[in-house]
Structures are given as structure tokens and as C-alpha cells.
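Close look at the chain arrangement
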Amino acid sequence: MTDPILKTNGLSKRFGGVKALKDVSFDVFPGDVLGIIGPNGSGKTTIVNCITGFIKPTSGKVFFRGKDITGRPPHKIADMGVTRTFQVMRPYYSLPAYKNLVIPLFSPRAKRTGGWRGGGNLGNRQTIAIDILEDIGFERDSYIPFKKTSTLPTGYLKRLELARCLALKPEIIICDEVFSGLSMSEIASMVPLIERLQDEGITIVMIEHRLRELFQVANRVMVLNFGEKLIEGTPLDVMANKKVKEAYFGSEEVEEVMTYA
Amino acid sequence: MSTQESRKERIDRGIKVRSDGLYALMSWRELSYLTLPRFIMIAGMLSLPFLMPDMYWQRVISIVCIYAILALSFDFLAHYVGLVSLGGAFFIGTGGYIAGILNSYFSIPPFLTVPLAAIIGGIFCTLMLLPCLPLKGVYFAIVTLMYPLFMARVIEAFDIFGGTDGLVGIDSFSSSFAEQYFVIGMVLIFLFGLRRFVTTDRGLIFTAIMDNDQAVKASGIDITRYKALAVFIASAMGCMAGACLTHIYMWSGISQFALDFSILPIAATVIGGAGTLVGPILGCLILVPVSELLRDFGTLRIVFYASILVGFILFKSGGIMEFGQRKYEQFERWTQI
């Protein structure tokens, strides 16, 4: 078996008296799409924050390619290629959409790698930025890349979050609820995008509430409840599990999901 | 044409659209829409020393320019990087003392002390402010407000650099024209330099940090480095202004750490228009002479001064520049009904 690209070992985080994460260990292997699900407040976003350095775990370790990256500052971790999106979108609202990508293209990592599809040296940043946007579903001829970010609808902002990760030529993208707040048709166009990124060799960790779509793309799923890892396995295993049903689904929805999976 | 057949139509961004980007090259008229205000600004600033009647008012111009540089640095930090700095007095004092020390202890001439004070002072201020760079908004403001008080007390308590008397007998600029044109030139260079810089792609990183620092961190960019660079730019400008002040008064002392240098640039920014860079300079051009004119009223001038400020905040909170620019870009014509 190959070595895991990302590995957490007994990750715990306390906020005062609240134990947000209790001893969570999991592995992500290259090419995986790992789904992390769990009820509200089960510690999903806390895991992302711990891995990407936005908060320091109380105890436990995070390894990337066997290297301990626990507690390193966010920009160092992003520099290694572990990128994330934010649940509450964080674009630069005052800038045009494509300038949102010019910013990450100034990072040391983009300079080294040449950005998404870049062959080691960085060309014109604005051209690359527009190319990435087109690649991820912004229509080039529609002037949408040039519109002010604050005027864009949610669907585009979610894509912009992904595009910011892609600008760094990432090895892992951790998506924090990219499907939430989108319409059914927007989600339907987002799923092939995720599949395509996986095909291009990017490892993806997805935190999601939209189980139907998650189970389409994920090859493994981990369930969290009250900061603890409940179970990890293939989507079918997870759905069949009784503990998961009790903690999360409610029996009716499981059947519904089963029929789609 | 009677009013029954036609009505007046107002297009809000008429001039802006006609003179934006490539469109400005369409005709001389469009070109002049774009260049004339800038030309008037530059020509006006450069002719100020000739327009002023006597030595006293010529000195006021120099002081206006020193405040203008400070206000520029405040506007840049506050509205393009998101760091609200009350450190104007800190920058002026540091620059002033460095220039004073270099001149009186090492007898370095003014044309060298000014750039040296800018660089050394910039590095010193940046190092002092480095620990508080993660702070935001009002917290950063409080720390920057503390430093000038701290520096003044240190100099007073240890009786260094002339103690409460300050450093006296410092060389002045070679002539009053040299003095005025140097500070005016600096204001213009910093104004147009900063305006160009904040719109370049690299300058946008600062705006991005202000918009959303988490996203910049997630993009693999070290925001502390960029914030430090911004503080260096702003404090070097402030220190340069301080060095000029020292040479203008031929003296550097504790009163250079006075809070006026922190507060007046902010007032000027409010009056002139926040985030416009030109606005704060206009604000200084109004506020400083007004405060000189009101000098006869003694302490009552604070009342006048405050009323001007309150009036602006209540009625023109966007500032002169924002209002003026909107009016300038409006385009009026008669159309047939």
C-alpha cells in the first residue's frame, strides 16, 4: 500500500471546556476523494483549521508526505501545496474576479510551480488568472471574469474559492462545504468539476452536508460526531452502519440516499 | 429651446467613462478631462511659494507639506493596508531626532540626513511596530499611539539627545526656496508614486490583506512580511517629513512627539476624502492655514476647528475629493422630450 499523503495522528482540540476534536486519526492517500461528514458542531471545520494551520491543535500531529506540519503558520502549509477553501466564502470583494487569482499567483509557491498547469515558470499573471477562471467554468467571453467580485452570484464565488487553490498548483484541496448554498443545477455542474480535479491527480478532502453528491464523488467517507471519529469506510459501508444512522441520518433519508448511490 | 420641449439630463459617470483607459486617447478633449485636474494640482503646488506674500506664509507652506506627507502615509496605511495608525508623531519624532543626531553629532549635511533619516527611521519604526502587526483596527491604533508618548518620556527620563531642551543649532536648508521646493516635490512624488503603486498587481496584495487576511494566508503569502513592508513605506515617509521639520526649525526636541502630528493627518483625511490619497493633501491645504488664521483667537480656535470637522463629518462624510470627483464626472445636457 502506498504511503498516505496526509495523515493525522490523535488530533485533539479544546476551546476552553469544549472538546471540539477528540483523538481523531485518519489517512488520506494520493488520488483519494475523502468525504468528511457529521452533524453540525461535530468538528469538521475544526479539522480543516487544524490541518491548514489556522488554529493549533491542543494535541496530536499532522503529517504531510511524512513530514510533521503541526502548528506551522497557514502560509507555510499552503506553500507545501495543502490548500483549502472557506465555508464562508472569502473573496476580495473590492477587486474584479480575475484579480482574486492574481493575488495567490504572487505567492512563492506559484512562482516556483508556475501556477495551475504552469510548467515551472510563471508567465503573465493576469493571463494565467483568466485561464484558470475559464478552466473552472467562468465564461471568458461574458466579461464575468472582469466583473467586480461583490456582484457575482454564490455559484461563481464558490468556484472562485476553488480557483484560488488551483492557482497554487495544489497537491491537496480541502473543500469546506463547496456545495452549500448552491442551487441543484449549480451543484450538478460542480460535481464533474471535482471529478475532473481528481483525474488531474489532485487529492481532495471534502467536508459536506450534501450527502447525495458527496457519495457520488467520494471513494472513502469518514463520519464525525461530537468531535470523535465514528467510522471510516466506503460510502456504502458508512450508509449501512447503524451508529451512523442513529447519530446523523434518521432512517428515512438513508433509504433515499441508498437509491441514488 | 424652451423647457417644455426638452429636459436636462444628467449622466453620473459621463466624464469617467469618456476618459477611462484607452478612451482617453480619442480626442484632446477627453485627454484634457483626464490630465487637466492633475496638471492644475501639480502647477498649483509648484507655484505656491510665489503666491505667498511673506516669509511667514512661506513657512506655513512647508508645514502644510509636512502634514500632507504624514496624511498620505496615514491614508495609505488605513485605507489600502487596513492598519489604522496613530503613529504620525512617532514617525515625525523618530525622523526628526535621527536627522538632528546625524547633523549635530556627525555634521552630515541636510541633503544626506533627510534620506538617511527616512531609511534608518523607517527600519527603526518598522522594527518597533513588528510585534503589533497581527493586531487589527483600533488595537493597532492604540499601540501606535503609545509609542510617541513612550519615546518622549524615555528621552526626558534618561536626558539623552539634549533632554528636554532638545538638539539645537542644526543646519537649515540652504535657502527657503530649496526648503519649500524640496517638501513640495516630496509630496508630489509620494502622491503619484503611491497612487501608481496601490493599483499595480503587487500593490493589490495590500488591498487583499485589508479585504480578507485569512484568504491571503491560505494563498501561501506571508502577510506579516507585506504588512511590514507597508509600515516601512509609511514610516519612511513620516520620518522623512520629520527630518525636514528638524531642518526647517533648526531644532529637534520632545515636542516633535506631540500628538498633533498623529491627529491632524486624520482630520485632514476625513475632510479631504478617505482612500483617495489626494484628499488628505487637500485636507492639509485647508486645515493647516485655517489653524494659522485662527491663531489670533487663542484657544477659541479649537472650537472653530472642531466645528469644521463636525460639519464635514455630518454633511460631507465622504470628504471633498469624493464629492468633487462625483460632480466633476457628472455630465449634463439638454435632451428632447
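Treat the numbers as computed from the prediction; the structure is a model and nothing was measured.

What counts, and at which threshold
- Residues numbered from 1 in each chain as written.
- Chains lettered and ligands numbered in written order.
- Predicted model: local features only at pLDDT ≥ 70, side-chain atom pairs only at ≥ 80, totals over all residues.
- Helix = DSSP H or I, 4+ residues; strand = E, 2+ residues; numbered from the N terminus.
- Rg over C-alpha atoms; globule rule 2.2 N^0.38 Å.
- Buried ≥ 20, exposed ≤ 12 C-beta atoms within 10 Å, placed from the backbone.
- Contact = placed C-beta atoms within 7 Å.
- Nonpolar A, V, L, I, M, F, W, Y, C, P; charged D, E, K, R; others polar.
- Core = buried A, V, L, I, M, F, W, Y, C linked by C-beta atoms within 7 Å.
- Domains from an automatic or database assignment.
- Pairing = 2+ DSSP bridges.
- Axes fitted to C-alpha atoms, helices over the stretch in contact; angles between N-to-C directions.

Below, the discussion takes up the overall build of chain B. If you tally the helices and strands in chain B, you get 14 helices and four strands. In terms of C-alpha radius of gyration, chain B reaches 22 Å, essentially the compact-globule figure of 20 Å for 337 residues. Projected onto the principal axes, the alpha-carbon positions of chain B cover approximately 80 × 55 × 40 Å. The buried share of chain B, taken over its 337 residues, is 44%. Taking contacts inside chain B between residues at least 6 apart in sequence as the whole, the part at least 24 apart equals 76%.

Counting residues at the interface gives 24 residues for chain A and 17 residues for chain B. Secondary-structure elements contributing two or more residues to the side of chain A that touches chain B are helix H2 (74-80), strand E6 (82-84), helix H3 (99-102) and helix H4 (108-113) of chain A. Considering every element that reaches the side of chain A that touches chain B, the biggest residue donor is H2(A), with four residues. Classifying every residue of the side of chain A that touches chain B gives 12 nonpolar, five polar and seven charged.

This paragraph deals with the nonpolar core. One finds Ile69(B), Leu72(B), Val187(B) and Met240(B) to be the most contacted residues of the largest nonpolar core, which totals 168 residues. Ranked by the residues each element gives to this core, the list is headed by helix H3 (residues 55-81) of chain B, at 16 residues. Counting only domains with at least three residues in this core, you end up with domain 1 (1-81 + 171-261) and domain 2 (89-169) of chain A. The contact partners of Ile69(B), leaving out residues within four places of it in the chain, are Met186(B), Val187(B), Phe190(B), Met237(B), Met240(B) and Ala241(B).

Our focus in this paragraph is the domain arrangement of chain A. Residues and elements named next belong to chain A. Domain annotation of chain A identifies domain 1 (1-81 + 171-261) and domain 2 (89-169). The centre of domain 1, based on its C-alpha atoms, is set 25 Å off from the matching centre of domain 2. Contact with domain 1, which involves 10 residues of that partner, is made by 12 residues of domain 2. Of all the secondary-structure elements, those providing two or more residues to the side of domain 1 that touches domain 2 are H2 and helix H7 (184-199). With three residues, the single largest contributor to the side of domain 1 that touches domain 2 is H7. Class assignment of the residues belonging to the side of domain 1 that touches domain 2 gives a composition of five nonpolar, three polar and two charged.

Here we take up the sheet that holds strand E9 (residues 220-225) of chain A. All names here are of chain A. Judged by pairing direction, the sheet is mixed, and its six strands sit side by side in the order E6-E7-E8-E3-E9-E10 without closing on themselves. Edge positions in the sheet fall to E6 and strand E10 (228-233), since each of these pairs with one other strand and no more. The average undirected angle you get between the axes of adjacent strands in this sheet is 20°. Pairing of strand E3 (residues 33-37) with strand E8 (residues 203-207) involves four bridges; the strand directions are parallel. Note on E8: the bridge partner recorded for Leu34 is Val205.

You can see Asp213(B) is positioned in helix H9 (residues 213-218). Sequence separation of Asp213(B) and Ile223(B) is 10 residues, and the distance between their C-alpha atoms is 7.3 Å.

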